[in-house]
Amino acid sequence: MTPTSAPSTEEFLDLLRTMLLIRRVEERLRDDFHAGKLPGGVHLYIGQEAVAAGVCAHLNDDDWIASTHRGHGHFLAKGGDPKAMIAEIHGKETGICRGMGGSMHVADFSRGIIGANGIVGGGVGITVGAALAAQLENKGQVAVCFFGDGAANQGVFMEAMNVGALWKLPLVLICEHNGFSEFSPSDTVTAGDIADRPEAFDIPSTSVDGNDAIAVWEAASAAVDHARRGNGPSFVLATTYRTHGHNEGEVYWLSGTYRDNSEIEDWNRRDPIERLTRTLVERDICTLDEVGAMDREILDTVEDACAFAEASAVPSPDAVQDLMFFNQAP
Amino acid sequence: MAKKRLIQAINDALTEEMERDERVILFGEDVEISMFGDTVGLLDRFGPDRVRNTPICEATLSGMAVGAAAAGYRVILHMMFSNFIYTGFDAIANQMAKIRLMTGGQIMLPVTVIAGYGGGRSTAAQHSDTPYPALMNLGGINVAVPSTPADAAGLLKTAIRGNNPTFYLEAGGRGGQRGEVPDGDHLMPLGQAAIRRSGGDVTLVSVGAMMRPTLRAARALAADGIEAEVIDCRTLVPLDTETIKASVARTGRLVVVDEARDRCSAASHIAAVIAEESFHDLRAPVRRVTVPNIAMPYAPNVEKPLLPNPERIAEAAATLVQA
């Protein structure tokens, strides 16, 4: 598949803004986690921002996404409210899920965000269902599944490709190959090239540098367009790197290490945000000063969102009574 | 009133609900040819958009039910044999049962999952389970176990129109049983047990298809001068504990008949509720007539005696009354 277009100036700036927002939110959550301010753990998206931003740039509010346990970036890129997300991660009643889901379950159905998911591969079948609904609606909606190289080894991945291709569903499969299945380096748990797997189902498969926001944007543009036109599923393998741990708390309880620091340093030199910034400056789309101003604005947004979260009340313990069932006692 | 076979009552209810609401969709393995006969004719009538044969991929099918319902459809998922629920259990236990709570109540999940359950026909260990105890324990899942054509129709219509995930379990091999079904739009609310027979000496609570052997046991007991009250649960979640408690308050004795394996069975739950909440009404210990903690064997002479039968039920009841 070939990209349908290149980003416009405004689209370039939106891409950078989204990536910066994700980075600044994640850095703040990192700090707040280590300061003991968060009740639960967080799985940070730092280093992978180009994927969520590059894909979601092509989506409308009524398109669906399902995400992973590392889902803050997808939530924000799809237009989710940072205040409501951060309040959720603080376990507050103003959280997007009223404090009932936490970091691993941030969802906003009004924006097509079916939700992050604590089960590796858990979003795959759900996305197929949303894609079926989108096909029945026949309004050009698409359903996008973000999942990792770890989830690509779950059986549902094969099942979903089979059903999606068989029924020509408007399904976009985005595999973020971040190098690790939890604590296991990918090559110790994965045979072959994941990007070869869709081809067995005649699903178009594209491999991109997941730290190159423009490459992701272009690949996603083609994949989303393919689905919108009713041509069926497509697959994008975005190779990136998880610069933080599987779980931010792992440094406190993991018995050993599973990678060299030099590997992290190598990938930090390929930072997707620095890379996009450099390109935009080189192409005279913006200046470094303008990026700085954008960053300060985002830092203010993050600061406001955190202050809002911290000042918010905790949910009433009774709130759970209404949540297991609709209009029925649990 | 019209006399119908149980499977016909289900087929009619599905047809009526799909006719009534075009956002009801149905998918599953072989729903076109319909192994049990419950979905026969639906594909021809409603077309391949709304009625779809699927590949055999339960892990994805249960996830799809969640996704399509979250995206605004009323989903009926046919899982054929209820053992296949285990194959699709991840999205049932981790998504379907929890997504409403996890997302702070942002969505309703109108999903009806149909599957045939139970042994007694030499279908062997992997086609004869009764997975409702596991489903009952998940939390956000309703469980219906209809035993008559009227309830089969009424509970299915309620499940489809409802806004919560409901497992609608058909007792395997009982599709030919006939009974009266009320004319018109017959709905049976979830959580209302039926008193199938009145009696003052002992309460016999039956789960699903255990209703018939339980009634036969009650008739045998009557011949011996023991009047049993027979209560058919109809649904296990929600469970009509009030009707059971009120009966136990009259009889002072309880036998629960359940074709699930004994440990953590529906019978165990009902026994625990009565032990906690009706202890002072009891004149004898609660008895459970269930299947031993054994997988269903194939050979009929080994399988049959494992299932509750009228003799075992009557014996358990008589022991309590004579105690």
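Residues numbered from 1 in each chain as written. Chains lettered and ligands numbered in written order. Predicted model: local features only at pLDDT ≥ 70, side-chain atom pairs only at ≥ 80, totals over all residues. Heavy atoms only, no water.

A. Representation of the overall build of chain B. Helix and strand counts for chain B stand at 13 helices and 14 strands. Relative to the globule expectation of 20 Å for 323 residues, the C-alpha radius of gyration of chain B, 19 Å, shows essentially globular dimensions. Out of the 323 residues in chain B, the part that is buried amounts to 64%. Approximately 11600 Å² of chain B is accessible, and the part contributed by carbon and sulfur atoms is 52%. Across chain B, the 32 positively charged side chains and the 36 negatively charged ones have centroids separated by 2 Å. (Helix = DSSP H or I, 4+ residues; strand = E, 2+ residues; numbered from the N terminus. Rg over C-alpha atoms; globule rule 2.2 N^0.38 Å. Buried < 20%, exposed > 50% of the residue type's maximum accessible area, 1.4 Å probe, protein only. Areas by Shrake-Rupley, 256 points an atom, 1.4 Å probe, with all protein chains shown as cover. Lys, Arg positive; Asp, Glu negative; His and termini not counted. Charge placed at Lys NZ, Arg CZ, Asp CG, Glu CD.)

B. Main features of the sheet that holds strand S10 (residues 202–206) of chain B. Residue and element names in this part refer to chain B. Spatially, the 5 strands line up as an open sheet ordered S9-S11-S10-S13-S14, and their pairing is mixed. In this open sheet, the two edge strands, each paired with only one partner strand, are strand S9 (194–197) and strand S14 (287–291). Each strand axis lies, on average, 25° off the axis of its neighbour in the sheet, ignoring direction. Relative to strand S11 (residues 228–232), S9 runs antiparallel, the two being bridged by 3 bridges. Opposite Arg 197, over in S11, you have Val 230 as the bridge partner. (Pairing = 2+ DSSP bridges. Axes fitted to C-alpha atoms, helices over the stretch in contact; angles between N-to-C directions.)

C. Structural detail: the side chain of Glu 259 of chain B. All names here are of chain B. With respect to the element layout, Glu 259 can be found in strand S13 (residues 254–261). Summary of buried charges: Glu 259 has no salt-bridge partner, and the nearest side chain of opposite charge, Arg 174, is 4.2 Å away. Excluding its chain neighbours within four sequence positions, the residues that come into contact with Glu 259 are Tyr 117, Gly 118, Gly 119, Thr 130, Tyr 132, Arg 174, Ala 209, Met 210, Val 291, Leu 307 and Pro 308. (Salt bridge = Lys/Arg side-chain N within 4 Å of Asp/Glu carboxyl O. Contact = heavy atoms within 4.5 Å.)

D. Seen up close, the domain arrangement of chain B. All names here are of chain B. Once the domains are mapped, chain B shows domain 1 (2–181) and domain 2 (194–322). Put simply, the middle of domain 1 and the middle of domain 2, counted by C-alpha atoms, are 26 Å apart. Contacts between the two partners involve 28 residues from domain 1, matched on the other side by 29 residues from domain 2. Surface buried jointly by domain 1 and domain 2 totals about 2200 Å² across both partners, of which 54% is contributed by carbon and sulfur atoms. At the junction of domain 1 and domain 2, the tally comes to 3 salt bridges. Its salt-bridge partner being Asp 151, residue Arg 234 comes within 2.8 Å of it at the nearest N-O pair. For the pair domain 1 and domain 2, the number of links is 16 residue pairs in polar contact (both at pLDDT 80 or more). Of all the elements in the fold, those that place two or more residues in the side of domain 1 that touches domain 2 are helix H7 (132–136), strand S6 (142–144) and helix H8 (149–161). Among the residues making up the side of domain 1 that touches domain 2, the classes are represented as 13 nonpolar, 10 polar and 5 charged. (Domains from an automatic or database assignment. Buried area = accessible area lost by both parts, 1.4 Å probe. Polar contact = N/O pair within 3.5 Å; in protein donor to acceptor, adjacent residues only side chain to side chain. Nonpolar A, V, L, I, M, F, W, Y, C, P; charged D, E, K, R; others polar.)

E. Geometry of the pattern of salt bridges. All names here are of chain A. Under the criterion given, the structure shown has 38 salt bridges over all chains. With a shortest N-O distance of 2.5 Å, Glu 49 and Arg 23 are connected by a salt bridge. Of the two residues, Glu 49 sits in helix H2 (residues 49–56) while Arg 23 sits in helix H1 (residues 9–34), which places them 26 residues apart along the sequence. Across this residue pair, the class does not change: Glu 49 and Arg 23 are buried.

F. Summary view of the interface of chain B and chain A. Taken together, the 43 residues of chain B in the interface contact 39 residues of chain A. Where chain B abuts chain A, roughly 3300 Å² becomes buried across the two surfaces, and 66% of that area is made up of carbon and sulfur atoms. Applying the counting rule to chain B against chain A returns 1 salt bridge. A salt bridge links Glu 137 of chain A to Arg 23 of chain B, with the nearest nitrogen and oxygen atoms 2.5 Å apart. If you look at where chain B meets chain A, you find 17 residue pairs in polar contact (both at pLDDT 80 or more). A total of 9 residues in the side of chain B that touches chain A trace back to one element, the largest contributor, which is helix H3 (residues 58–70) of chain B. Residue classes in the side of chain B that touches chain A are distributed as 21 nonpolar, 16 polar and 6 charged.

G. The arrangement of the packing of aromatic side chains in detail. All names here are of chain A. Applying the stated criterion to the full structure yields 10 aromatic pairs over all chains. Between Phe 183 and Trp 253, the aromatic rings sit 6.2 Å apart at their centres with planes inclined by 90°, giving edge-to-face as the arrangement. Pair noted here: Phe 183 is in the loop between strand S5 (180–181) and strand S6 (184–185) and Trp 253 is in helix H8 (residues 250–253), with a separation of 70 residues, a long-range link. By relative accessible area, which is 26% here, Phe 183 ends up partly exposed. Ring geometry for Phe 183 versus Tyr 258: centroids 5.7 Å apart, planes at 65°, classification edge-to-face. With a gap of 75 residues between them, Phe 183 in the loop between S5 and S6 and Tyr 258 in the loop between H8 and helix H9 (261–268) connect regions that are remote in the sequence. (Phe/Tyr/Trp six-rings, centres within 6.5 Å; stacked < 30°, edge-to-face > 60°.)

H. Up close: unusual backbone geometry. The linkage connecting Val 237 of chain B with the following residue, Pro 238 of chain B, adopts the cis geometry, with an omega of -5°. You can see Pro 238 of chain B is positioned in the loop between strand S12 (235–237) and helix H10 (241–251). Of note in the backbone geometry, Arg 98 of chain A takes a positive phi value of approximately 60° without being a glycine. Its location among the elements puts Arg 98 of chain A in the loop between helix H4 (82–89) and strand S2 (113–115). Even without being glycine, Asp 30 of chain B reaches a positive phi, approximately 60°. Inspection of the secondary structure puts Asp 30 of chain B in the loop between strand S2 (24–28) and helix H2 (42–50).

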